[in-house]
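As a plain string of letters, each chain reads:
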Amino acid sequence: MENQQHMVLLSSPGLGHLIPVIELGKRFVFHHNLKITIIAFTSHTSHAEKLVLKTATSGGFIDIVEIPPPDISSVIDPDAAIVTRLCVMMREGVPAIRDALSNLAGTATVRPSALIVDIFGTEALGVAEELKMRKYVFVASHAWFLSLLIYAPTLDKQVQGQYVDQKEPFQIPGCTPLRPEDVVDPMLDRNDKQYQEYLGFCNGIPKGDGVLVNTWETLQQKDLESLRNRNLLGGILKAPVYAVGPLVRLPDSEMSQGIEWLTHWLDGQPEESVIYVSFGSGGTMSCEQMTELAWGLELSGQRFIWVLRAPIDAADAAFFTTGSDGRDEGGSKLSKYLPEGFSSRTYNVGVLVSEWGPQVDILTHPSVGGFLSHCGWNSALESITNGVPMIAWPLYAEQRMNATLFVEELGVAVRPRVLPTKKVVDRDEIASVVREIMVVEEDCNKVKKKNPIREGVKAIRRSAVEALSKGGALAQVVATGEE
Ligand code: UDP
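Rules used throughout
Residues numbered from 1 in each chain as written. Predicted model: local features only at pLDDT ≥ 70, side-chain atom pairs only at ≥ 80, totals over all residues. Heavy atoms only, no water. Pairing = 2+ DSSP bridges. Helix = DSSP H or I, 4+ residues; strand = E, 2+ residues; numbered from the N terminus. Axes fitted to C-alpha atoms, helices over the stretch in contact; angles between N-to-C directions. Expected span 1.5 Å × (residues − 1). Bend = angle between axes of the 7 residues up to and from the residue. Buried < 20%, exposed > 50% of the residue type's maximum accessible area, 1.4 Å probe, protein only. Contact = heavy atoms within 4.5 Å. Near = heavy atom within 4 Å. Polar contact = N/O pair within 3.5 Å; in protein donor to acceptor, adjacent residues only side chain to side chain. Areas by Shrake-Rupley, 256 points an atom, 1.4 Å probe, with all protein chains shown as cover. Parallel < 35°, antiparallel > 145°, perpendicular 65-115°, else oblique. Left-handed = near helix turned anticlockwise from the far one by under 90°. Nonpolar A, V, L, I, M, F, W, Y, C, P; charged D, E, K, R; others polar. Core = buried A, V, L, I, M, F, W, Y, C linked by side-chain atoms within 4.5 Å.

1. Comments concerning the sheet that holds strand 4 (residues 114–118)
Piece 1. Ordered by their spatial adjacency, 7 strands build an open sheet running 3-2-1-4-5-6-7, and the pairing between neighbours is parallel. Edge positions in the sheet fall to strand 3 (62–67) and strand 7 (241–243), since each of these pairs with one other strand and no more. Geometrically, the sheet is characterised by an average inter-axis angle of 25° between neighbouring strands, direction not taken into account.
Piece 2. Here strand 6 (residues 210–213) pairs with strand 7 via 3 bridges, running parallel. Looking at the pairing, Val213 lines up with Ala243 of strand 7.

2. Structural notes on helix 6 (residues 143–158)
Piece 1. With 16 residues, helix 6 should cover 22 Å at 1.5 Å per step; its first-to-last C-alpha distance of 22 Å lies within 8% of that length.
Piece 2. Of all bends in helix 6, the biggest is about 50°, found at Ala152, and the proline Pro153 comes one to four residues later.
Piece 3. Those residues of helix 6 that fall on the buried side of the exposure criterion are Ala143, Trp144, Phe145, Leu146, Ser147, Leu148, Leu149, Ile150, Tyr151, Ala152, Pro153 and Leu155.
Piece 4. Buried residues in helix 6 make contact with strand 5 (134–139), helix 7 (193–204), strand 6, helix 8 (221–228), strand 7 and helix 15 (399–409).

3. Points about the site of the ligand
Piece 1. Not every one of the 18 residues close to the ligand is listed here, only the nearest: Arg249, Ser281, Gly357, Ser379 and Glu382.
Piece 2. Gly357 places a main-chain nitrogen or oxygen 2.7 Å from an oxygen atom of the ligand.
Piece 3. Here Glu382 contributes a side-chain N or O atom positioned 2.6 Å from an oxygen atom of the ligand.
Piece 4. Contact with the protein chains removes 96% of the 540 Å² of surface that the ligand exposes when unbound.

4. A look at the packing of helix 6 against helix 7
Piece 1. Relative orientation of the contacting elements helix 6 and helix 7 amounts to 120°, with a least axis distance of 8 Å. Judged by the inter-axis angle, helix 6 sits oblique to helix 7. Once helix 6 is placed against helix 7, the crossing between them reads as left-handed. Judged by residue contacts, Leu148, Leu149, Ala152, Pro153 and Asp156 of helix 6 engage Tyr195, Tyr198, Leu199, Phe201, Cys202 and Asn203 from helix 7.
Piece 2. When its residues are assigned to classes, the contact of helix 6 with helix 7 shows 9 nonpolar, 1 polar and 1 charged.

5. Here's the deal with the sheet that holds strand 11 (residues 368–373)
Piece 1. On the basis of which strands lie adjacent, the open sheet formed by 6 strands has the order 10-9-8-11-12-13 and parallel pairing. Single-partner strands in this sheet number two, and they are strand 10 (350–354) and strand 13 (413–414).
Piece 2. On the sheet, helix 11 (residues 287–300) packs against strand 8 (274–278), strand 9 (303–308) and strand 11 and is oriented at approximately 165° with respect to strand 9.

6. Section: the nonpolar core
Piece 1. One finds Tyr198, Ile305 and Phe406 to be the most contacted residues of the largest nonpolar core, which totals 97 residues.
Piece 2. In terms of residues, this core owes the most to one element, helix 6, which gives 10 residues.
Piece 3. Phe406 has contacts with Cys375, Trp377, Ala380, Ile384, Met390, Gly411, Val412 and Ala413, leaving out every residue within four places of it along the chain.

7. Some words on unusual backbone geometry
Piece 1. Cis geometry is found at the peptide bond from Gly245 to Pro246, where omega equals 0°.
Piece 2. Of note, Asn33 is a non-glycine position whose phi angle comes to about 55°, a positive value.
Piece 3. Inspection of the secondary structure assignment puts Asn33 in the loop between helix 1 (15–32) and strand 2 (35–41).
Piece 4. Its identity is not glycine, yet Glu272 carries a phi of approximately 50°, on the positive side.
Piece 5. With respect to the helices and strands, Glu272 occurs in the loop between helix 10 (260–267) and strand 8.

8. Some remarks on the side chain of Thr385
Piece 1. Summarising the element assignment, Thr385 is placed in the loop between helix 14 (377–384) and strand 12 (390–392).
Piece 2. Not counting residues up to four positions away in its chain, the partners in contact with Thr385 are Pro246, Val248, Arg461 and Ala464.

Just geometry here; none of it tells us what the structure is for.
What follows is the structure, encoded as structure tokens:
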């Protein structure tokens, strides 16, 4: 097609990275008529990943060039943190990215004119320069997190000792201060290799010609203003910041295949009566915590759907393997980890799904009224844009920041208390927070009382719908390619 722009999007490994990149690609195709190719590091072992890729390419609107993740076993320790592994994979993958891009530049009917990388792909920006393409960074999270990334190299110079040992919150110009206990994973230990990797990509972000962030103006006005103000963070990040969100998946018939039994069960439940429990693509928990969660759900007396994974002490153990086991309806393989008799006592009240659930179908169903979530940004947006309040249960990455944002700033979530001595949330606390968001109290005349969290999430949903109707900032990104 004449004058059609072709953009290439680069996704780092992990479904929590691939899913928002695909959504960004779809928005470019369907709202701006661009040609989109996604270069993705894919595992080929995950049933869930195959499904996500299949839905992205069905209809033939998006091309995906799959690259196997490079073998990094001789480069780093196999137990290295996820951030280290991601950064090293993306660095070692640069030659393959260069080959894929050069190939596209030589053969595609429309020559690609821009490359958009996620935060782990900033080292590939140099390849875009070599090929005379515009270059952007896509932050598949929120503007407060982007502010921290931009300010991290300054904090590195200002703060002495470990961040988690500081007594005062960290001041980020023009933004909400960040409490030491809310820092992102790579800041937990400055002596770990992931901290240097983190500073590396933080320094890489301002090298783009622009930064796209999955938020919207009315949700995070303050942070966006700071990022654009030359006297605040805009003094470090000179490139324009485009608030392109909310980018969220919609239910897709391909993704829903094989889950008719679940939809049928949900159809039979009262409106907003089911709490959905899931910890994203990588989240895992200890055996002790899993037992408490099972008891808490049971004690709450509420209906639930729980995406179960085998217990393990690390919080992000499923990151590279998620969805590899295929579907196990009713979670029967994993029920051995649950308290004795749990499945029979919660029969008909609760549904267990193993490894990977059809999250978007669940959150869009009218019977779902709450989400116990690890607070991954994609999950949270899927919840908020469907008017579903959350219980914030952060595990890793930037999720502690997200939880603070949802609970304290946006008022769309409650956060359970963790027992400091045991580092678990106990069953009574879980039952109490589940009831807090699920049970609608009635006054003496049997009129339902308003639940402030439910009201809050519905107001934010309206602002998301409004942002979507305005089309967001993608049109500006497209326009820069037309100049
Ligand atoms: N997801 C899903 N089913 C699951 C778990 C996750 O469909 O059982 C999807 C979820 O809808 C979201 C993404 O995987 O789009 C997870 O991204 P998020 O940012 O929430 O968390 P991450 O996995 O990156 O920690």
